[in-house]
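# Structural features, examined
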Amino acid sequence: MTSLIGLLVVVPMLAAAIGFVAGERQWVRDILTVGSLAGATAIAGILLAHVESEGTVVLRVGDWDPELGIVLVVDLMAALVLLVAMATILVVQLFAIGQRRTAWGADPQLSGPLLLVLTSGVVLAFLTGDLFTLFVAFELILVSSYVLLTHQGRRGQIRSGMTYVAMNLFASTLFLVGLAVVYASTGTVNLALLAERIPELDDPLRWGIGLWFLVVFGTKAAIFPLFSWLPDSYPTAPTTITAVFAGLLTKIGVYVLIRFHVLTGMDDLGPLILTLAALTMVIGVAGALAQDDVKRILSFHIISQIGYMLMGLGLFTLAGVAGAIVFLVHHIPVKTVLFLVGGLIEEREGTSALDKIGGLAQRQPLLAVLFALPALSLAGIPPFSGFVAKLALVDAGIEKVVVPIVVIALANSVLTLVSMVKIWTGVFWGSGDDESATPIRILRPGHRLMVGATAVALVASLAIAASFGPLWDLGERAAADLLNPSAYIEAVVS
Amino acid sequence: MSVTLALVVGGLTSVGVYLITSRSLTRMLLGFALLGHAAVVALLAAGGEAGERPISGDAPVDELSDPLPQAFALTAIVISFGLTLFLLALARRQAQLTGDDLVEDDLEDRRIALETEAEGDDA
């Protein structure tokens, strides 16, 4: 099992390296990217099954003592999120192959291999057992995302790319300084050892570390008030890139927030995190209501949804953390599908501005269905996965009697629905006869693959709702492992 | 951790933060370089008292410097070197597109803000 963990990081890297030198041979790159992503998905599935029955798997790189060396740890939470993430990237890559050489597609020579570099960074971020490797994983993800965001060199991309790069570089520098503080005060950066040593520190130092990393990971997760880079930069990137970013990147921030803050027992920060969660929800959805472009509305929704995951974390109860994990698992495929549909709309209509499109439901009923189902799910309408995930969180909130956040979370669902209705009326309703400006587009042969990939991702996200019982059990067990880290510590240290 | 190192970290950070609030990308780049140095010095300071060369085996273990923060610092230096190059490329592209390297306004956001203001005037 442990060698499989190593493969997960190494294979995408190697495939990326070969992809960069493959030159004009596009088929080599396609086989490499799709092959290694499919392989990673399969391995993630095997690992999940194994971890579910046998418990946490640990890989000690170079067989060093965990206090000094790098450890990769697959616990239940990591395996669960990893499987969803790998499958999502695979679907997006298939979409990208269909979309190639349209005006909204990314440059295939670069984007395939770079997506693989990003993938191995994502794997590393999910599996790493120490803070410094986490820093390296973040840098891997960020460097490839900087290039993916700006490689077409369009004016808007360069402008928003600067904001994106500056915010994230600053957060990375803060991360390094935080690492120095943690190392100076505990003598290790290994998460399992930190789970033992940080709770023993003096209160001011412990809170300082907790707050510091709340800012660092919060910037990656785009929580209030650190979100400003997100709605600016995401919509300018090629569709496939945005879909991966929207589905995954902020969620990695949330994932490490949950992992670090729960493992090190930062319960005292709960009220602060809940306040931030409420503000993140409200500001995100308010931003979405003000926008009039499909991709920008969807970008603001990411922020508001991050608020829900933070809410689960802020409760610091079993049900809360489990709710946050399950919400994370539901959110990744749903958000990706929505952005892929946004890409399909753009491909058909030549724009994603609401006032320039209309009547798409008549002309493209399939597209309307592909949009409507995940949109309802995101807003939390039964029987979709968004409803059960939100119900779990609200339930956890009621259990701990934190009424304000529950009220805000529910009100926010309604507002999310309103902004989805805005997209619906703008894009899909109307006669659509007043758009003389819209050129008649000839569909490219790859179109079927794009629609197919979107449909597969949609079916996967519906499957999450159907299999919610087992998923909730897994989430609860993963949360229990985090809240009571003795098993995690034992697996890593001994 | 010596006071000198702490002061150096503080000084580098304050100058760095001042520079990255600038709109010119080349200044921002210098700011990030300084911030990176501050973080590296902080990492070294986290290693505690300086001692003999580690790993080479010339001195007993209890007299050595802590090699782990040094390894962190080296990794961080390599990463910040790569990022500096990327920022330079970005600044050059911006200069090609607009003739300078200033960060522009978010046009979409400005437009929506103006529309809202106009609606407010009507009411």
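Residues numbered from 1 in each chain as written. Chains lettered and ligands numbered in written order. Predicted model: local features only at pLDDT ≥ 70, side-chain atom pairs only at ≥ 80, totals over all residues. Heavy atoms only, no water.

Okay, the overall build of chain A next. From N to C terminus, chain A includes 20 helices and two strands. In terms of overall size, chain A behaves like a compact globule, its C-alpha atoms giving a radius of gyration of 21 Å where 494 residues would be expected to give roughly 23 Å. Referenced to the eigenvectors of the C-alpha coordinate spread, the extents of chain A come out at roughly 70 × 55 × 40 Å. Looking at chain A as a whole, 65% of its 494 residues qualify as buried. Partitioning the contacts of chain A with sequence separation of at least 6, the portion at a separation of at least 24 is 82%. Carbon and sulfur atoms make up 68% of the accessible area of chain A, which totals about 16,000 Å². (Helix = DSSP H or I, 4+ residues; strand = E, 2+ residues; numbered from the N terminus. Rg over C-alpha atoms; globule rule 2.2 N^0.38 Å. Buried < 20%, exposed > 50% of the residue type's maximum accessible area, 1.4 Å probe, protein only. Contact = heavy atoms within 4.5 Å. Areas by Shrake-Rupley, 256 points an atom, 1.4 Å probe, with all protein chains shown as cover.)

Across chain A, pLDDT averages 87, with 95% of residues at or above 70. Per-element averaging of pLDDT across chain A places helix H14 (residues 360-363) of chain A at the bottom with 78 and helix H8 (residues 203-221) of chain A at the top with 93. (pLDDT = per-residue confidence, 0-100.)

Turning our attention to the nonpolar core. Residue and element names in this part refer to chain A. Counting 210 residues, the largest nonpolar core has Leu-127, Leu-131, Phe-175 and Phe-217 as its most contacted members. When residues in this core are grouped by element, the largest group, 18 residues, is from helix H13 (residues 318-349). If sequence neighbours within four positions are ignored, Leu-127 has contacts with Ile-5, Leu-8, Val-71, Leu-72, Val-73, Val-74, Ala-78 and Leu-82. (Core = buried A, V, L, I, M, F, W, Y, C linked by side-chain atoms within 4.5 Å.)

Attention shifts here to the environment of Glu-63 of chain B. All names here are of chain B. You can see Glu-63 is positioned in the loop between helix H2 (25-46) and helix H3 (67-98). You can call Glu-63 partly exposed: its relative accessible area is 45%. Along the chain, Glu-63 and Leu-85 lie 22 residues apart, while their C-alpha atoms are 38 Å from each other. Beyond its immediate sequence surroundings of up to four residues, Glu-63 is in contact with Gly-51 and Glu-52.

Note that an α-helix has 3.6 residues per turn; residues three or four places apart therefore point the same way. All names here are of chain B. Taking 1.5 Å per residue as the helical rise, helix H1 (residues 3-20) with its 18 residues ought to reach 26 Å, and the 26 Å between its terminal C-alpha atoms agrees with that figure. Within the span of H1, buried status applies to Val-9, Gly-16, Leu-19 and Ile-20. Buried residues of H1 fall within an arc of 100 degrees about the axis and therefore sit on the same side. Exposed side of H1, more than 90 degrees from the buried face: Val-3, Thr-4, Leu-7 and Tyr-18 are the residues found there. (Expected span 1.5 Å × (residues − 1). Arc of directions from axis to C-beta.)

All names here are of chain A. This model, assessed by the stated rule, comprises seven salt bridges over all chains. Here Arg-477 and Glu-52 are joined by a salt bridge, their closest N and O atoms 2.9 Å apart. Linking Arg-477 in helix H19 (residues 468-483) with Glu-52 in helix H2 (residues 26-54), this pair joins segments that are 425 residues apart in sequence. Exposure remark for Glu-52: the relative accessible area of 35% places this residue in the partly exposed category. For Arg-159, the salt bridge is made with Asp-232, and the minimal N-O distance between the two is 3.1 Å. Of the two residues, Arg-159 is situated in helix H6 (residues 155-186) and Asp-232 in helix H9 (residues 229-233); the sequence distance between them amounts to 73 residues. No difference in accessibility class separates Arg-159 from Asp-232, as the two residues are buried. Taken together, the shared-partner salt bridges in this structure form one network comprising Asp-203, Arg-206 and Asp-268. (Salt bridge = Lys/Arg side-chain N within 4 Å of Asp/Glu carboxyl O.)

Next up on the list: the packing of aromatic side chains. Residue and element names in this part refer to chain A. Enumeration according to the criterion identifies 23 aromatic pairs over all chains in this entry. On the basis of an interplanar angle of 10 degrees and a centroid distance of 6.5 Å, the ring pair of Tyr-164 and Phe-245 is categorised as stacked. Here Tyr-164 is found in helix H6, whereas its partner Phe-245 is found in helix H10 (residues 239-263), with 81 residues between them in sequence. For the pair Tyr-164 and Phe-245, one class covers both residues: buried. Taken together, a centroid distance of 5.9 Å and an interplanar angle of 70 degrees make the contact between Trp-229 and Tyr-234 edge-to-face. (Phe/Tyr/Trp six-rings, centres within 6.5 Å; stacked < 30°, edge-to-face > 60°.)

Turning our eyes to something else, we now look at unusual backbone geometry. Residue and element names in this part refer to chain A. In this model, Phe-224 is joined to Pro-225 through a cis peptide bond whose omega is -5 degrees. Examined against the element boundaries, Pro-225 turns out to sit in the loop between H8 and H9. Look at Ala-222: it is not a glycine, yet its phi comes out positive at around 60 degrees. By secondary structure assignment, the location of Ala-222 is in the loop between H8 and H9. A positive phi is found at Phe-316, a non-glycine position, where the angle reads about 55 degrees. Residue position: Phe-316 is located in the loop between helix H12 (294-315) and H13.

A cluster of nonpolar side chains, namely Ile-18, Phe-20 and Val-21 of chain A, defines an oily patch on the protein surface of about 300 Å² accessible area. Within the secondary structure layout, Val-21 of chain A lies in helix H1 (residues 2-21). (Patch = residues over 30% accessible without salt bridge, like charges linked within 9 Å, V, L, I, M, F, W, Y side chains within 5 Å.)

Residue and element names in this part refer to chain A. By secondary structure assignment, the location of Asp-293 is in the loop between helix H11 (270-290) and H12. Within the buried core, Asp-293 has no salt-bridge partner, and the shortest N-O distance to an opposite charge, that of Arg-296, equals 6.4 Å. A distance of 3.0 Å separates a polar atom in the side chain of Asp-293 from the backbone nitrogen of Lys-295. (Lys, Arg positive; Asp, Glu negative; His and termini not counted. Polar contact = N/O pair within 3.5 Å; in protein donor to acceptor, adjacent residues only side chain to side chain.)

Residue and element names in this part refer to chain A. When you line up the elements, Gly-284 lands in helix H11. You can call Gly-284 buried: its relative accessible area is 0%. When the C-alpha positions of Gly-284 and Ile-306 are compared, they lie 8.9 Å apart, and in sequence the two are 22 residues distant. With near-sequence residues (within four places) excluded, Gly-284 lies in contact with Phe-300, Ile-303 and Ser-304.

A few words on empty space enclosed by the protein. What the rule picks out here adds up to four cavities of 30 Å³ or more. Of the voids in this model, the largest cavity is the one considered here, and its volume is about 180 Å³. As for the largest cavity, its lining consists of 17 residues, of which Leu-169 and Thr-173 of chain A together with Gly-36, Ser-80 and Leu-83 of chain B are closest to the centre. Looking at the lining of the largest cavity, the elements with two or more residues in it are helix H5 (131-150) and H6 of chain A together with H2 and H3 of chain B. Element by element, the count of residues in the lining of the largest cavity is highest for H3 of chain B, at six residues. Split into classes, the residues belonging to the lining of the largest cavity amount to eleven nonpolar, five polar and one charged. (1 Å grid on protein atoms, 1.4 Å probe; cavity = no way out; pocket = protein on both sides within 12 Å on 5 of 7 lines; lining within 4 Å. Points joined across faces, edges and corners; volume = space filled by probe spheres on them. Nonpolar A, V, L, I, M, F, W, Y, C, P; charged D, E, K, R; others polar.)

At the interface, 36 residues of chain B touch 35 residues of chain A. Roughly 3,100 Å² of surface becomes buried between chain B and chain A when both sides are summed, with 76% attributable to carbon and sulfur atoms. Sorting the residues of chain B by area buried against chain A places Phe-72, Leu-83 and Phe-86 of chain B first, and these three jointly supply 17% of that buried surface. For the pair chain B and chain A, the interface holds zero salt bridges. For the interface between chain B and chain A, the tally reads one residue pair in polar contact (both at pLDDT 80 or more). (Buried area = accessible area lost by both parts, 1.4 Å probe.)

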